[in-house]
Amino acid sequence: MSNSYTSSPTLVDPGRVTASRTIRSTEISRLGDLSNYCFATGGTSNVLSQAWDDSTFRQDDSSAFISMCEWYIPSLSSSHQSLNIVLSAWCGTAGGTARFVLDYGTATYTTDITITDTSRYSSSFNTGTITLTSTQNEFAAKLTMAVKAPSGDEVEVLGVMANWVALSSPLPTGELFHTLSRYTPQGINRLGANLPLSARFGVEMLENINTLRRRPRVLFSWSGVEGVSSGEAIEDAGAVPRAIGSGDLASMFSESALFPGMVEDSTLNIFAYVNVKQNGGTFSSYEFDLFGQRITCTSTGWSTFTLNLRESESDRSTEFGLSMYRVGPDDTVHNTERFFVFGKDMDGLRGVYVPYLAGLTIMGV
Amino acid sequence: MLIPTAFIKLPDESGCYNGEVVMGGTVSQIAFALSQLSHCKFLGEAHYQVAHSTYSGSAFVQGTGARLHNYNQIRSAYKGYEYNFLYQSTALSSKLACLFSYAGEQGADDPSVTIEVRSTASNSYTGTVLDYGCEFVNLETQGFSLAPDAFAFTGTLLDYEPTNTSADLIVRPLFIPSANRGELLNIKVTVQDVALSGFHIYDVYEVEVTP
């Protein structure tokens, strides 16, 4: 009873599954195959993508790993246990290293990536893999990047991406999960012409579809960079963004598809993971406008919010053939004022510490 | 087969129970719901925000750390400058649409952006060119120093397999050969007098797919 799938996936012939037609085993088998394909590969594209221009993201500290970025990334299922991380970076001297730490449920995983390029995009990027060794059923996990330079030189980071590795065919046996949603792999051998079409197939397929509809996609992901350090003057290197600023609002967003039917299903949601920092003083609250709603963070660090789909579709929906939305901090007067934050105020150098938005991930279904 | 974009309502589970006559509509709804997942919802996408220096003339007084205005992004080094955006494609990544936000240098003669796609064998930035892609020419320039970023888009229409051996001047999505779909791909971007602030990559949704 192999829970196999075909890639590229096979679709059923719609002309064969209409009223008054006999249900053929071919169609049923293809449905099982397609369902397994979706579970194995769905959402295995980029879950993290960010880039920096040259001379911005620098680190020259060789004494220890300096924690610099944080993101939230979605979990696809308890079976997707390999996270592939790709780093574009360079360092003039051998020995530059980036450390990625994944806080996932009750477990913590680490991988170190050694940087091999000696100039900007000179030869090759570097990769690492985090392999989970225990089953976790969290909705999302926090990924942290720390950087250590070799003695006497600086590391420069140009980009980072990550993706979950797709499951190979056949899928594992038994019930699989994403948080509390169950997925039952379909044994293709059980869907042949010489076997009965059981009630089990229909019931499980409906449950599987609902589970896969809830699987999150990353619509927007951004992290500020803390702890940057360079031997060069600030006008030449190291003035990396730590916070989303008012000058970002006109363009710092994604255009992403969200699908009709979400609103009618209370289990299909949009989630925002918000990282607010205040480096001293007393924090009261932090409000900003996100995806048509005013978010209030009552504590520093990461907070989670459920967002409603209130926005209008973007003009590019027609070109994509999908319902596209502007996903990111809203370009409002409130945000323009809130995000107009100077570096010296982040560090309290004028007597007052100002809170700032240091990270934001938005996931939809 | 027409691929729905919506999470269509699913049939009642009891319609599949023992003793029930399974109707064609029930199987049809399952089939369309699955095709929406495989060929619509789970199409790949990547959203790169590209950070730039936040240094400005007031930095000595105010410090750096956030982009407060649009100016001071365009540097002299942005001539013939390259970026490499890595994209984990899917089995259905036959065409990639690219959308980017940018600032064109004020007064520049012909700001342009060229995109092409390469394989990433041996983790190399200079892998085999899979599609020489296209060039956006004569892009907008900043009319004033605080002008917001502009956007450019490849569109989603490509009904032929490109054979060009240098960048096409007709803007179009990138084509991915079938052997490379599902691989990690490198979208190489070369800019002339342009600063990118965002680069977004999408598998193109097809309205109709032959089973």
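Draft legend 1. Inspection of the overall build of chain B at higher detail. Of the regular secondary structure elements, chain B holds two helices and nine strands. Reading chain B from its N end, one meets helices and strands in the order α-β-α-β-β-β-β-β-β-β-β. In terms of overall size, chain B is more extended than a compact globule, its C-alpha atoms giving a radius of gyration of 22 Å where 211 residues would be expected to give roughly 17 Å. Along the first, second and third principal axes, the C-alpha set of chain B runs to 80 × 45 × 35 Å. In chain B, which comprises 211 residues, the share counted as buried stands at 51%.

Draft legend 2. Spatial organisation of the overall build of chain A. When helices and strands are counted, chain A shows five helices and 19 strands. Considered along the principal axes of its C-alpha atoms, chain A spans approximately 75 × 45 × 40 Å. Here chain A, with 365 residues, has 50% of them falling under the buried criterion. Partitioning the contacts of chain A with sequence separation of at least 6, the portion at a separation of at least 24 is 78%.

Draft legend 3. Structural view of the interface of chain A and chain B. The partner chain B presents 77 residues to the 92 residues of chain A that form the contact. Element by element, the count of residues in the side of chain A that touches chain B is highest for helix 2 (residues 199-213) of chain A, at eight residues. Of the residues belonging to the side of chain A that touches chain B, the class tally is 44 nonpolar, 34 polar and 14 charged. Across three bridges, the pairing between strand 1 (residues 48-52) of chain A and strand 1 (residues 45-51) of chain B is parallel. Note that in strand 1 of chain B the partner of W52(A) across the bridge is A51(B).

Draft legend 4. Here's a closer look at the sheet that holds strand 4 (residues 112-119) of chain B. Residues and elements named next belong to chain B. Ordered by their spatial adjacency, four strands build an open sheet running 2-8-4-5, and the pairing between neighbours is antiparallel. With partners counted over all chains shown, the strands left at the sheet margins are strand 2 (79-88) and strand 5 (129-136), one partner each. Geometrically, the sheet is characterised by an average inter-axis angle of 15° between neighbouring strands, direction not taken into account. Examined bridge by bridge, strand 4 and strand 5 share five bridges and lie antiparallel to one another. Each residue of the ladder has a partner; that of R118, found in strand 5, is V129.

Draft legend 5. Quick look at the sheet that holds strand 14 (residues 270-277) of chain A. Residues and elements named next belong to chain A. Here we have four strands laid out as an open sheet, ordered 12-19-14-17, and antiparallel in their pairing. The two strands at the open ends of the sheet, each matched to only one other strand, are strand 12 (217-223) and strand 17 (301-307). Ignoring strand direction, the axes of neighbouring strands in this sheet form an average angle of 15°. Two elements, strand 14 and strand 19 (residues 356-364), share seven bridges in a ladder whose sense is antiparallel. Across the sheet, residue K277 finds its bridge partner in strand 19, namely Y356.

Draft legend 6. Structural detail: unusual backbone geometry. For the bond running from S7(A) to S8(A), omega is 5°, close enough to zero to count as cis. Assignment of secondary structure puts S8(A) in the segment before helix 1 (25-41). The step from S169(A) to P170(A) runs through a cis peptide bond, and the omega angle for that step is 0°. Position of P170(A) among the secondary structure elements: in the loop between strand 9 (155-164) and strand 10 (176-178). A positive phi angle is found at N123(B), which is not glycine, with a value near 60°.

Draft legend 7. Region of the structure containing the domain arrangement of chain A. All names here are of chain A. Its domain assignment divides chain A into domain 1 (14-41 + 180-213), domain 2 (44-168) and domain 3 (242-365). Ranked by residue count, the leading element in the side of domain 2 that touches domain 3 is strand 3 (residues 66-74), at four residues. Along the lines of polarity and charge, the residues of the side of domain 2 that touches domain 3 split into four nonpolar, no polar and one charged.

Draft legend 8. Focus on the domain arrangement of chain B. Each assigned domain of chain B is listed with its residue range as follows: domain 1 (1-42) and domain 2 (44-203). Here the C-alpha centre of domain 2 of chain B lies 39 Å away from the C-alpha centre of domain 1 of chain B.

Draft legend 9. Highlighting the pairing of strand 18 (residues 324-327) of chain A. Residues and elements named next belong to chain A. Neither face of strand 18 is open: one carries M324 and R326, the other Y325 and V327, and all of them are buried. For strand 13 (residues 254-257) and strand 18, the ladder comprises four bridges, and the chain directions are antiparallel. From the neighbouring strand, A257 faces strand 18, where its bridge partner is M324.

Draft legend 10. View of the nonpolar core. Residues F85(B), C98(B) and L196(B) are the most contacted members of the largest nonpolar core, which totals 122 residues. Ignoring anything within four residues of it in the chain, the contact list for F85(B) reads A51(A), Y48(B), I187(B), V189(B), F199(B) and I201(B). In terms of nonpolar packing, the next biggest core, distinct from the first, is built from 34 residues, V12(A), L31(A), L167(A) and L206(A) among them.

Draft legend 11. Spotlight on helix 1 (residues 24-41) of chain B. In a regular helix each residue adds 1.5 Å, so 18 residues correspond to 26 Å; helix 1 of chain B covers 24 Å between its end C-alpha atoms and thus fits that length. Here helix 1 of chain B lies mainly inside the structure; 14 of its 18 residues are buried.

Draft legend 12. Inspection of helix 2 of chain A at higher detail. Taking 1.5 Å of rise per residue, the 15 residues of helix 2 of chain A would be expected to cover 21 Å, and the 22 Å separating its terminal C-alpha atoms lies within 8% of that figure. All buried positions along helix 2 of chain A are accounted for by F201(A), G202(A), E204(A), M205(A), L206(A), N208(A), I209(A), T211(A), L212(A) and R213(A). As for helix 2 of chain A, its buried residues are in contact with helix 1, strand 10 and strand 11 (181-183) of chain A together with helix 1 of chain B.

Draft legend 13. Focus on the confidence of the model for chain B. Across chain B, pLDDT averages 91, with 94% of residues at or above 70. The ipTM, which scores confidence in the relative placement of chains, is 0.96 for this predicted complex, and the corresponding pTM is 0.96.

About the criteria used
For every chain, the first residue of its written sequence is number 1, and the numbers climb from 1 along that sequence. Starting at A for chains and at 1 for ligands, labels are handed out in the order in which the entities are written. At least 70 in pLDDT is required for a residue's local features to be given in this predicted model, at least 80 for side-chain atom pairs to be given and counted, and no such filter applies to totals for whole chains, interfaces and linings, which use all residues. Helix and strand definitions here come from DSSP, where helices need a minimum of 4 consecutive H or I residues and strands a minimum of 2 consecutive E residues; each element is numbered from the N-terminal end. Using C-alpha atoms as the atom set, the radius of gyration is obtained and then compared with a globule rule of 2.2 Å times the number of residues to the power 0.38. As a rule, residues whose C-beta atom has 12 or fewer other C-beta atoms within 10 Å are exposed, those with 20 or more are buried, and those in between are partly exposed; C-beta atoms are placed from the backbone. Residues are treated as contacting if the C-beta atoms built from their backbones sit within 7 Å of each other. Each residue receives one of three labels: charged for Asp, Glu, Lys and Arg, nonpolar for Ala, Val, Leu, Ile, Met, Phe, Trp, Tyr, Cys and Pro, and polar for the others, Gly being one of them. By this definition, two strands are paired if DSSP reports at least two bridges between them. As a rule, the C-alpha atoms of each element are fitted with a line to give its axis, helices using only the stretch in contact, and angles between N-to-C directions run from 0 to 180 degrees. Note that the domain bounds were set by an automatic or database domain assignment. Connectivity within a nonpolar core runs through C-beta atoms within 7 Å, and the core itself is a set of buried Ala, Val, Leu, Ile, Met, Phe, Trp, Tyr and Cys residues. Expected helix span is taken as 1.5 Å per residue step, with the number of steps being one fewer than the number of residues. Values of pLDDT, which run from 0 to 100, indicate the predictor's confidence residue by residue.

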